[in-house]
Each structure stands twice: as structure tokens, then as C-alpha cells.
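Each chain is listed here by its residues.
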Amino acid sequence: MSRIDGTSLANQETRKASEEQIRSAHLVTELLDEIHQCPEKFANANRTSEFIQHAANTLFDGKLARLAKYLGNKHVIDQCCRYRRRQMSLPMLTTIADRCGCKISDVVLGNNLKLRKMYENANASVVLFRHRGVRTFKTSDALIAELEKRYKLGLLKNLSQACRLLDVNQNCLHILAPDFATMLVHRGQESRRAEKLARKEEGFNEYWKYFQELLGEDIKPTRSKVAERIFQRTGVKRDFVYSKFHTRALGLAKSSTVRVDKNARGMPPVKNRGRSKTTNSCRKRH
């Protein structure tokens, strides 16, 4: 389920995971397995600062600055060594374990074991990102021809997808085909806007359904009661959008039950202030 709007991610477009992402997933899986088997080991375990010092001594002769540069986050390493009880985020723990050739539990528990540098993880990806697409498309004509071919087949939805299909980075696309890149950016913006409106409308239709259900049961459909009914039926909470949905639902309920006839008896006549001023000014002139 999406944490943004609660929709299912089963039918969303997927992309192939990189080697780094696959290794990170394996590391997190191993950590969850170890926590499940031996939860008492991780009850009050926070010896990351000790592992950082051990990694600096083992890999960089005790120089924390070189270790921080190697890991790519100097601020987090400094904060960890300065405040020893400060906890690190899971992505940073995964990066440390991946770059040092160990497990996440070794980082958390501060295990003193043999470490090794994993240069192919970061440096190869940086080189690939900087030079990707330059060797394939050296001229703008070749890139535009390939873009037009994919565009006629309806395969280009946005700039990111075009870069993945052609194996180029966004800078290459902006430099060699700026007009095409701008068009793809606008197309992606429109597509995301339409998807957002569709998700919003789908969410309101669901809210409106349970709103009417409470009305049919002679229960006052307050926002909290409708939210509770939705949670009972679907198990999803989206309190951050229910207030707007509730205001719209109240307007629909009022318009569907109360019909105001403008020509009915007892309705006060509508005065045309502009016309009365004109008439009074004409009377004064005469």
C-alpha cells in the first residue's frame, strides 16, 4: 500500500533493481531474520560509533575523515562519533555494511571483525552515471531519430522513462535534444497531475459511499464516523484528506436533499442595486 494515498502498488510500473539495491535488500532481510531469531541481542544495542572507529582503524589507519569520504556522508559520521548514543537511519546502516563488506547487525552490535573495501559499489556507478549515453549517441541527430522512433510507438511517457529506455542520463538528453526533453518533462507533469486527480476522485468516491451508508442507517455521518467505517471495511487510514472529502460530501448531501425554488412564494425579491442607482440618477436629472 502507498503511504501517500493508501492505494495498491501491485499494478504500478516496476523497473529492474540495480546490484546495489539487491545487495541492500539482502542485508535488510538478514537483519530482520536475526532480530526475529535473537531479539534480546538488539534490545539495547547501539554500538555503531564503536564499529565506525573499528572500520576507520582497519580500513584507513584510524582516519575518520577518509572513512567519511569513502562512505559519502561526513555529517552523519561526525554526529555518530560525537553523540555516541545517537541512532543512525536504516539506509545509512545499509550503506556502511555494504561498503565495508559486513552485515548490518555487525554495525549495530559493534562487532570487531575483518572488513574489506567495496569500491565497485560506488565508484563504478558514478562513472556509469557521468558517461552513460555519450558513447551511444555522439550526435543529436542519432538521439532524436531514436526518440522519434520510440515516440511513434507510444513508449515515451516522461523524461525518466525515456532515459531508462535509451540508457542515457537526463543531462545528455537535455544537451543533445533540448526540445524533446522539454516536451517529455511537460508530458510527465501532465501525466502525474492527471493521476493525482484520478486518485483523489477515487478516494472521494469511496468516502462518499460510506457517507451515504451511514445516512441510510440513520447515523449522523461525521468525519470521524466515516473514517472509522472506512478503516473497518478496508483497513486504510487517510485522515489527511478526509476533511476535504467531508466538506464536499456535506455539499453533495445538502444539494441532493434540499431543492430551493427561486420563484416559490415567501422568497424575498432580489433587488438589482445597479438598476436602482441608474433609475435614481435618471430621476434626479429629469
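See the structure above.
Structural notes, computed from the coordinates. Think of each chain on its own: its residues are numbered from 1, step by step along the sequence as written. For a predicted model such as this one, the threshold for reporting local features is a pLDDT of at least 70, and the threshold for listing and counting side-chain atom pairs is 80 or more; totals across whole chains, interfaces and linings nevertheless cover every residue. Values reported for side chains reflect all heavy atoms of the structure, with hydrogen atoms and water molecules removed beforehand.

So, the overall build of the protein chain
Cut-off, in case you're wondering: Each helix is a run of H or I in the DSSP string that is no shorter than four residues. Each strand is a run of E no shorter than two, and both are numbered from the N terminus. Think of it in three bands: residues with accessible area under 20% of the maximum for their type are buried, residues over 50% are exposed, and the middle band is partly exposed, with areas taken using a 1.4 Å probe on protein chains only. Here, residues are in contact when the closest pair of their heavy atoms is within 4.5 Å.
A tally of regular secondary structure across the protein chain gives 14 helices and zero strands. Counting from the amino terminus, helix and strand elements in the protein chain follow one another as α-α-α-α-α-α-α-α-α-α-α-α-α-α. By the burial criterion, 30% of the 286 residues in the protein chain qualify as buried. Taking contacts inside the protein chain between residues at least 6 apart in sequence as the whole, the part at least 24 apart equals 56%.

Here's the deal with the packing of helix H8 (residues 140-152) against helix H11 (residues 178-216)
Heads up, the condition is: The convention used is that axes are lines fitted to C-alpha atoms, helices contributing only their stretch in contact, and that angles between N-to-C directions extend from 0 to 180 degrees. Convention used here: angles under 35 degrees read as roughly parallel, angles over 145 as roughly antiparallel, angles from 65 to 115 as roughly perpendicular, and any remaining angle as oblique. Three categories are distinguished: nonpolar for Ala, Val, Leu, Ile, Met, Phe, Trp, Tyr, Cys and Pro, charged for Asp, Glu, Lys and Arg, and polar for the others, with Gly belonging to the last.
It is the contact of H8 with H11, at a shortest axis distance of 11 Å, that shows an interaxial angle of 30°. In terms of orientation, H8 lies roughly parallel with respect to H11. In contact with Leu-147, Glu-148 and Tyr-151 of H8, H11 contributes Phe-180, Met-183 and Arg-187. Residues belonging to the contact of H8 with H11 are distributed by class as follows: four nonpolar, no polar and two charged.

Some remarks on a nonpolar patch on the surface
Put simply, the rule is: Nonpolar side chains (Val, Leu, Ile, Met, Phe, Trp, Tyr) within 5 Å and like charges within 9 Å form the patches, drawn only from residues with over 30% relative accessible area and no salt bridge. Residue burial considers only the protein chains on display, and all accessible areas are found by Shrake-Rupley using a 1.4 Å probe. By definition here, a salt bridge exists when the distance from a side-chain nitrogen of Lys or Arg to a carboxyl oxygen of Asp or Glu is within 4 Å.
Nonpolar side chains collect at one region of the surface, where Leu-153, Leu-155 and Leu-165 lie side by side and expose about 260 Å² of accessible area between them. Following the sequence through the fold, Leu-153 ends up in the loop between H8 and helix H9 (159-166).

Structural notes on unusual backbone geometry
The backbone phi angle of Asp-61 is positive, close to 55°, even though this residue is not glycine. With respect to the helices and strands, the residue Asp-61 is situated in the loop between helix H2 (48-60) and helix H3 (64-71). The phi torsion at Asp-218 lies on the positive side, around 60°, for a residue other than glycine. Tracing the chain through its elements places Asp-218 in the loop between H11 and helix H12 (223-234). Note on Asp-218: relative accessible area 74%, which makes it exposed.

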